[in-house]
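Given next are the chains, with one letter for each unit.
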Amino acid sequence: MSYHQQTQSRYGNCDSYFTESQDDGIYVLRAEARERQRSIARMQQRALAEELSNLTAKEYQEDIMEHMMHMEVGLVLSKRGNEDIANPYQSQTLPDVNSIDIQTEIQWFMRPYLLDFLVEAHAAFQLLPETLFLAVNLLDRYCSRRVVYKRHYQLVGCAALLIAAKYGDKKDRVPTVRELKSMCCSLYDDEMFTQMEWHVLQTLNWVVGHPTVDAFLQIALAAAPYDAEVEHMTLYIAEIALFHKEFVSTPPSVLARSALALARCVLTRPQAKPTEWAGAYDAQTVMGLSNHLYQPSPVLSRKYASTHLSNVVATVEEFLATQARNAQRAAASPPTPPPTLTIEEPKHVSEYGPSTPQKVAYGAIMNNGCLTPPITPDGEGHFAGHVVKSQPASIYPSTPTSEPSQNVSQQQYFQNSYLHPQHM
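Here is a short report on the structure shown in this document. Here the structure is a predicted model, which means the values were calculated and not measured.

Cut-offs used in this document
Residues numbered from 1 in each chain as written. Predicted model: local features only at pLDDT ≥ 70, side-chain atom pairs only at ≥ 80, totals over all residues. Heavy atoms only, no water. Helix = DSSP H or I, 4+ residues; strand = E, 2+ residues; numbered from the N terminus. Buried < 20%, exposed > 50% of the residue type's maximum accessible area, 1.4 Å probe, protein only. Areas by Shrake-Rupley, 256 points an atom, 1.4 Å probe, with all protein chains shown as cover. 1 Å grid on protein atoms, 1.4 Å probe; cavity = no way out; pocket = protein on both sides within 12 Å on 5 of 7 lines; lining within 4 Å. Points joined across faces, edges and corners; volume = space filled by probe spheres on them. Patch = residues over 30% accessible without salt bridge, like charges linked within 9 Å, V, L, I, M, F, W, Y side chains within 5 Å. Salt bridge = Lys/Arg side-chain N within 4 Å of Asp/Glu carboxyl O. Expected span 1.5 Å × (residues − 1). Nonpolar A, V, L, I, M, F, W, Y, C, P; charged D, E, K, R; others polar. Axes fitted to C-alpha atoms, helices over the stretch in contact; angles between N-to-C directions. Parallel < 35°, antiparallel > 145°, perpendicular 65-115°, else oblique. Left-handed = near helix turned anticlockwise from the far one by under 90°. Contact = heavy atoms within 4.5 Å. Disulfide = S-S within 2.5 Å. Core = buried A, V, L, I, M, F, W, Y, C linked by side-chain atoms within 4.5 Å. Phe/Tyr/Trp six-rings, centres within 6.5 Å; stacked < 30°, edge-to-face > 60°.

With respect to the overall build of the protein chain
Working step 1: Helix and strand content of the protein chain: 16 helices and six strands.
Working step 2: A burial count over the protein chain gives 40% of its 424 residues as buried.
Working step 3: Carbon and sulfur atoms provide 54% of the accessible area of the protein chain, an area that totals close to 25,800 Å².

Describing empty space enclosed by the protein
Working step 1: Overall, the coordinates contain four cavities of 30 Å³ or more when judged by the stated rule.
Working step 2: Computed from the structure, the largest cavity encloses a volume of approximately 210 Å³.
Working step 3: Taken together, 18 residues line the largest cavity, and the ones lying closest to its centre are Leu242, Phe247, Val248, Thr250 and Leu255.
Working step 4: Contributions of two or more residues to the lining of the largest cavity are made by α5 (129–143) and α11 (252–266).
Working step 5: Of the residues forming the lining of the largest cavity, the biggest block, four residues, is contributed by α5.

Brief notes about a nonpolar patch on the surface
Working step 1: There is a patch of nonpolar side chains on the surface, built from Leu48, Leu52 and Leu55 and spanning about 290 Å² of accessible area.
Working step 2: For Leu52, the location among the structural elements is in helix α2 (residues 24–73).
Working step 3: Given the relative accessible area of 48%, Leu52 is considered partly exposed.

Details of α11
Working step 1: Here α11 contains 15 residues, and its C-alpha end-to-end distance of 21 Å stays within 8% of the 21 Å for a straight helix at 1.5 Å per residue.
Working step 2: The buried fraction of α11 amounts to 13 of the 15 residues, a majority that puts the element mostly inside the structure.
Working step 3: In the segment just after α11, Thr268 is the residue with positive phi, at about 55 degrees.

Structural notes on the layout of surface pockets
Working step 1: Taken as a whole, the second largest pocket holds about 340 Å³ of empty space.
Working step 2: Taken together, 15 residues form the lining of the second largest pocket, with Leu127, Pro129, Lys303, His308 and Leu309 sitting closest to its centre.
Working step 3: Looking at the lining of the second largest pocket, the elements that each hand over two or more residues are α4 (111–124), α10 (228–241) and α13 (298–303).
Working step 4: Among the elements that take part in the lining of the second largest pocket, α10 stands out by supplying four residues, more than any other.
Working step 5: Broken down by class, the residue content of the lining of the second largest pocket amounts to six nonpolar, five polar and four charged.

Remarks on the packing of helix α9 (residues 213–221) against α10
The description of two helices packed together rests on the angle between their axes and the distance between the axes.
Working step 1: Between α9 and α10, the shortest axis-to-axis distance is 11 Å and the interhelical angle comes to 150 degrees. Viewed along their axes, α9 and α10 adopt a mutual orientation that is roughly antiparallel. Here α9 runs over α10; the crossing is right-handed. Where α9 abuts α10, its residues Val213, Asp214, Leu217, Gln218 and Leu221 lie against Val230, Glu231, Thr234, Leu235 and Ala238.
Working step 2: Taken together, the residues of the contact of α9 with α10 break down into six nonpolar, two polar and two charged.

Let's talk about the state of the cysteines
Working step 1: Taken as a whole, this structure holds zero disulfides when the rule is applied.
Working step 2: Looking at Cys184, it has no disulfide partner, and the nearest cysteine sulfur is the one in Cys158, 3.5 Å off.
Working step 3: Take Cys185: it sits in no disulfide, and the sulfur closest to it among the cysteines is that of Cys184, at 7.5 Å.

Structural notes on the nonpolar core
Working step 1: If you look at the biggest cluster of nonpolar residues, it comprises 86 residues, and the most contacted ones within it are Leu138, Leu139, Met233, Tyr236, Ile237, Leu289 and Tyr304.
Working step 2: Looking at this core element by element, the count peaks at 11 residues for helix α6 (residues 153–168).
Working step 3: Setting aside residues no more than four positions away along its own chain, Leu139 makes contact with Leu114, Leu118, Tyr153, Val156, Gly157 and Ala160.

Looking at unusual backbone geometry
Working step 1: With a phi close to 60 degrees, Cys185 is a non-glycine residue in the positive phi region.
Working step 2: At Asn311, a residue that is not glycine, the phi angle is positive and equals roughly 50 degrees.
Working step 3: If you trace the backbone, Asn311 turns up in the loop between α13 and α14 (312–332).

Overview of the packing of aromatic side chains
Working step 1: Summed over all chains, the structure comprises three aromatic pairs.
Working step 2: Their ring planes at 20 degrees and their centres at 5.9 Å tell us that Phe216 and Trp277 sit as a pair that is stacked. Of this pair, Phe216 sits in helix α9 while Trp277 sits in the loop between α11 and α12 (283–290), and the two are 61 residues apart along the sequence.
Working step 3: A relative accessible area of 0% means that Phe216 is categorised as buried.
Working step 4: Here Trp277 falls in the partly exposed class, since its relative accessible area comes to 25%.
Working step 5: Where Tyr236 meets Tyr304, the ring centres are 5.2 Å apart and the plane angle is 55 degrees; that geometry is what we call tilted. Within this pair, whereas Tyr236 is found in helix α10, its partner Tyr304 is found in the loop between α13 and α14, the two being separated by 68 residues in sequence.
Working step 6: Taking relative accessible area as the criterion, Tyr236 reaches 1% and is therefore assigned buried.

Observations concerning the pattern of salt bridges
Working step 1: In the structure shown here, the tally under the stated rule is 10 salt bridges.
Working step 2: Between Asp190 and Lys181 there is a salt bridge whose closest N-O contact spans 3.6 Å.
Working step 3: Relative accessible area serves as the criterion here: at 41%, Asp190 is assigned to the partly exposed category.
Working step 4: Notably, a salt bridge pairs Arg269 with Glu229, separated by 3.1 Å at the nearest N-O pair. With a gap of 40 residues between them, Arg269 in the loop between α11 and α12 and Glu229 in helix α10 connect regions that are remote in the sequence.
Working step 5: Residue Arg269 is classed as partly exposed on the basis of its relative accessible area, which comes to 28%.
Working step 6: Residue Glu229 is classed as partly exposed on the basis of its relative accessible area, which comes to 24%.
Working step 7: In the salt-bridge network here, residues are joined through shared partners; they are Glu35, Arg38 and Arg42.

Written out as structure tokens, the structure reads:
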């Protein structure tokens, strides 16, 4: 009998001489078991690494907090003989509202439109929360030292976002110049992004590091069991604060603790003890933040309406509605007699009545920045048919920026920009 006939008699009719062995299933099971063991080993390694990281963080937490507070103040010690001299102007990491107030072209009402653009770009590239806070900090610090043309305002914001992403975010998520140019509707050339990035770094003396609100928030949340809803609510409140002038110069540690206290109040969570670091919040800052919960930016509302951010927008709306109902009930109830007050002796008042408060001189309240920020770029620039001359040369170098194409009219130039001319 031939081999083919023997095979047919043993295994039946088969088109091939190769048959599957019954032992192959054993190898598959063994391979699955090995893969399972590898997965368990990886999980154990991650758990061990996280435990060691937490132990190390607790050991160095005081040193980390001290370093962050030192960075927040932003003082650099310089040697003068054997004596250390603090120089608050060399690497101040907090922007100065008074310096931004004297800007010649950009105004505060333009800021929300630029921040809406940065928030959308930040979400599109899926960057870390601290990247957004750092980008806004770099933007404000630059505007504290340089006079910025409104046609360059969006360019400065893109450069700040690019620097912040390169500083602390994942490499594969850092936006490219081509992507930022596309988001700006090709308003700026590739070279302008590179030049503005270099100019921002030069103006800030290459001091990029800044303790953000998110960094302080993580330290405050580490003292309590993790609550994702509290974290998302705090970030939402902190990002609302970015849109308002009164919080620009607020230290991030104060803003983080105040936003956390307000978030716990909205979510009816227990507050931290006054003896804890997170419990030492500023009541005035909390009240200021609560006053801005009523009209948030539409971009922020869409961002925090998602489920992976706990839909904190709906929670805030429900909280505000409850507060409004309670206020109506209190107004409808009979008024209670006012408490007895002790009236002090009236102070001397001028015969002409109370005086009108006067604006404090800028030189008396300036903390950092240049007395008169130098114009960026240097030289003469044509804007809306007028010639704008720069001021004398400054200690900060300037970045030459190219003018818009001559074949595009000024009206079309602003229509393509994200900042609409009616808001300029």
